[in-house]
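A closer look at the structure
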Amino acid sequence: MAYRFLEVLRHCVLNCRGGSQSIKNHPVFAKVEQKVEQNNFSMKITIRTRKRDEATSFIYLDIRDGQKSRKQAVKGFVYSAKKLTKDQKEHNAEMMKRAEDTKNDVLMLESPVDSKKITLSRLTKLYCDNKGVSENTVKSFKQMLDCVDGSITADSVTTDVINDQYKKINSCQLSNNSKLLYRSKLDAVIRYGIKKSYIRVGVLEKVDDKIKSKTHTREFLTKDEVSLMIAEYSETKKNWMRIFLFSCFTGLRHSDIKNLRWSNIQNDVIRLQTQKTDTAVTVPLNDNAKSLLPVKSGNDSFVFSVPDTANIRKDLLLWAGKKGIKKSISFHTARHTFATLSVQGGVDLYAVSKLLGHKNIKTTQIYADMVSSMLKESVDKLNNIFL
């Protein structure tokens, strides 16, 4: 009906103006067409599930826009058994929240908007959607938005406005490196806005640069400290120790061990896409890692029952305190342990980089530098023997 009215309006404008003025430029027509475009946006999105196996289901969005329809997968799954454990219920709640967030993102990204009035928040979502970044990277961008004014519109972005956002980031309770990270993400969104002609060119040329990166010590367990845990695990069979040690011997992150399935292990080799960076990694299992594997329960079932990182860290710190290990350690310490002990053992740096799934070998070089520093400290101790 609305578009029929537009056709009538076109006819009237042509007759009244003799066709001398572009229809699109006629103020009455432009105003009505804009209103029709807004009213015509009638997208409906329903969250649905589809059977994955006997115990779980995929989640997807059923998107209907007028006469068109499509489906969009939501990363993850839900448990579909009639009786669920507490952990499974919490998992399902988390997945449904993710589905709702994805639904809201689709609605926001596809609703009509004046390109010059697009907000920083929406521009950030457009950037993430366009670049196809990983789920954890999306979270990082959302955390960046928590530190800035996401309601700023593209046409109001100037060098001064950007500097004000930098100040907001600086005022957040973050490490210097996190501030640098959020600033780089803000810059990426701004550059994307410039490329898409949402933001004027040149706004990043004279921005303030007052944050300097600091190198942080990457804590790891020594060979002797790992041996202490192996000995205790052999007696107690504590699950958190099994998970932590498995990471020490494979370099896998908590998220990857949590999502590891038996189908990812073939001929004593793990092959998977990492959760954090969506990078393909291949990790041959050594004897220590193989000894930690539980009894296989099904080709598509999870290998481990993995506690969350907070609980593991609590147990880990208690264990370290009892053993006299005075280090600020977390689950990620296991990954640092794998990398450092590998380099100490003479494993090629390129090979370590591939095992860890690093996209840039400079990241892996940090571990080589740590080992070099440790060797120098060891040699320097000889000074005290002869002086």
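Each remark here, short or long, concerns the structure printed above.
In short, a report on the structure. If you're wondering where the values come from, they're calculated on a predicted model, not measured in any experiment. (Residues numbered from 1 in each chain as written. Predicted model: local features only at pLDDT ≥ 70, side-chain atom pairs only at ≥ 80, totals over all residues. Heavy atoms only, no water.)

Some words on the sheet that holds strand β3 (residues 68-79)
Inclusion rule: At least two DSSP bridges between two strands are required for those strands to pair. Secondary structure counts use DSSP, requiring at least four H or I residues in a row for a helix and at least two E residues in a row for a strand, with both numbered from the N terminus. Throughout, an axis means a line fitted to C-alpha atoms (over the contacting stretch in the case of helices), and angles, computed between N-to-C directions, take values from 0 to 180 degrees.
Spatial ordering of the open sheet is given by β1-β2-β3, a layout of three strands whose pairing is antiparallel. Taken across any chain shown, the strands that pair with only one partner, and hence form the sheet edges, are β1 (43-51) and β3. Across the sheet, the axes of successive neighbouring strands diverge by a mean angle of 25°, strand direction being ignored. Here ten bridges tie strand β2 (residues 56-65) to β3, and the two strands are oriented antiparallel to one another. Residue pairing in the sheet places Y60 in a bridge with A73 of β3.

Concerning the environment of R313
Definition in use: Contacts were defined at the residue level, with two residues in contact if any of their heavy atoms lie within 4.5 Å. Each polar contact in these results corresponds to two N or O atoms within 3.5 Å; when the atoms are within protein, one needs to be able to donate a hydrogen and the other to accept it, and residues that are neighboring in sequence are counted only if both atoms are side-chain atoms.
Turning to its location among the elements, R313 is positioned in helix α12 (residues 309-322). Linking R313 and S330, residues 17 residues apart in sequence, is a C-alpha distance of 5.1 Å. For R313, the contacting residues outside a window of four places in its chain are S328, I329 and S330. Among the polar contacts listed, one links the side chain of R313 to the backbone oxygen of I329, at a separation of 3.1 Å.

Quick notes on the pairing of strand β6 (residues 280-284)
Our working definition: Each residue's exposure class comes from its accessible area (1.4 Å probe, protein chains only) as a fraction of the maximum for that residue type: buried when under 20%, exposed when over 50%, partly exposed otherwise.
The alternating pattern of β6 places V281 and V283 on a buried face and A280, T282 and P284 on a face that is not buried. Sheet topology places strand β5 (residues 269-273) next to β6; five bridges connect them, and they run antiparallel. Within β6, the position partnered with I270 by the bridge is V283. Here β5 folds back onto β6 in antiparallel fashion, the turn holding six residues, of which D278 has a positive phi close to 55°.

Points about the packing of helix α4 (residues 120-131) against helix α7 (residues 176-195)
Here is the rule: Oblique is the label for any angle not under 35 degrees, not over 145, and not in the 65 to 115 range, which are roughly parallel, roughly antiparallel and roughly perpendicular in turn. Only Asp, Glu, Lys and Arg are considered charged in this grouping, and only Ala, Val, Leu, Ile, Met, Phe, Trp, Tyr, Cys and Pro are considered nonpolar; every other residue, Gly among them, is considered polar.
Running from N to C, α4 and α7 cross one another at 85°; their axes reach a closest spacing of 9 Å. The angle between the axes of α4 and α7 places the two elements in the roughly perpendicular class. On α7, the residues touching L120, L123, T124, L126, Y127 and N130 of α4 are L186, A188, V189, I190, Y192 and G193. Residue composition of the contact of α4 with α7, grouped by class: nine nonpolar, three polar and no charged.

Describing the packing of helix α8 (residues 223-236) against helix α9 (residues 239-250)
So the rule is basically this: Throughout, a crossing is termed right-handed when the near helix is turned clockwise from the far one, and left-handed when it is turned anticlockwise from it by less than a right angle.
Between α8 and α9, whose axes approach to 10 Å, the crossing angle comes to 140°. One finds that α8 runs oblique with respect to α9. Between α8 and α9 lies a crossing whose hand is left-handed. Note on element contacts: α9 touches α8 through W240, M241, R242, F244, L245 and F249, opposite V226, M229, I230, E232, Y233 and T236. Split by residue class, the contact of α8 with α9 holds nine nonpolar, one polar and two charged.

Nothing here speaks to function; it is all geometry.
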